[in-house]
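Now for the letters of each chain:
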Amino acid sequence: MKSIQVKIIDPIGLHARPASKITGAATKFKSDIKIVLDGREANAKSLINLMALGVKSNNKIEVQAKGLDEAEAIVAIEKVMRDNKLI
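The text that follows walks through the structure, step by step, so that each part is easy to find. (Residues numbered from 1 in each chain as written. Predicted model: local features only at pLDDT ≥ 70, side-chain atom pairs only at ≥ 80, totals over all residues. Heavy atoms only, no water.)

**Digging into unusual backbone geometry**
What counts is decided by this rule: A helix here means a DSSP run of H or I that spans at least four residues, while a strand means a run of E at least two residues long, and both kinds are numbered starting from the N terminus. Residue exposure (1.4 Å probe, protein chains only): buried if accessible area is under 20% of the type maximum, exposed if over 50%, otherwise partly exposed.
For D38, which is not glycine, the phi torsion reads 50° and is therefore positive. Mapped onto the elements of the fold, D38 is located in the loop between β2 (32–37) and β3 (40–43). The exposure class of D38 is exposed, given its relative accessible area of 70%. At K85, a residue that is not glycine, the phi angle is positive and equals roughly 55°. Examined against the element boundaries, K85 turns out to sit in the segment after α3 (70–83).

So, in structure tokens, the structure goes:
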């Protein structure tokens, strides 16, 4: 398993637009990809799961990937977050 921890800096937090981009990127990988906030997990391939986490500005989250392409998945999700100015 590979993981990274990031701090959300977007003033709105993880809202629908960037969440949908994360989901879009995550679905390209075979690995299981999760976003973890305060011990609660969300499947990064599910927009509903991501939105249900309620990630706010200044929250620290962990992105976890487990599977054959886990390293590539982590890099891709981090890039989407940076490109959308979430982190």
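**Considerations on the sheet that holds strand β1 (residues 2–7)**
Two pairing modes exist for strands in a sheet, parallel and antiparallel, and in both the strands are linked by backbone hydrogen bonds. The condition that has to hold: When DSSP locates at least two bridges between a pair of strands, those strands are taken to pair. To get an axis, a line is fitted to the C-alpha atoms, and for a helix only the part in contact is used. The angle between two axes follows their N-to-C directions and goes from 0 to 180 degrees. We call two residues in contact when some of their heavy atoms are within 4.5 Å.
Ordered in space as β1-β4-β2-β3, the four strands form an open sheet in which the pairing is antiparallel. On the outer flanks of this sheet lie β1 and β3, each paired with one strand and no other. Adjacent strand axes in the sheet meet at a mean angle of 25° when their direction is disregarded. Bridge count between β1 and strand β4 (residues 60–66): six bridges; the pairing is antiparallel. Pairing of K7 across the sheet is with K60, part of β4. Here α3 sits on the sheet and contacts β1, β2 and β4; the angle it forms with β4, its principal contact strand, is near 150°.

**Some points on α3**
Within an α-helix, residues lying three or four positions from one another point in the same direction, as the helix has 3.6 residues per turn. For the record, the criterion: One fewer than the residue count of a helix, multiplied by 1.5 Å, yields its expected span. The arc refers to the directions leading from the helix axis to the C-beta atoms.
Here α3 contains 14 residues, and its C-alpha end-to-end distance of 20 Å stays within 8% of the 20 Å for a straight helix at 1.5 Å per residue. When α3 is considered as a whole, its buried residues turn out to be E70, A73, I74, I77, V80 and M81. Within α3, the buried residues cover an arc of 130° as seen down the axis, which keeps them to one side. Packed against the buried residues of α3 are β1, α1 (16–26), β2 and β4. Looking one or two residues past α3, K85 carries a phi angle of roughly 55°, positive in sign.

The analysis is restricted to geometry; functional conclusions fall outside its scope.
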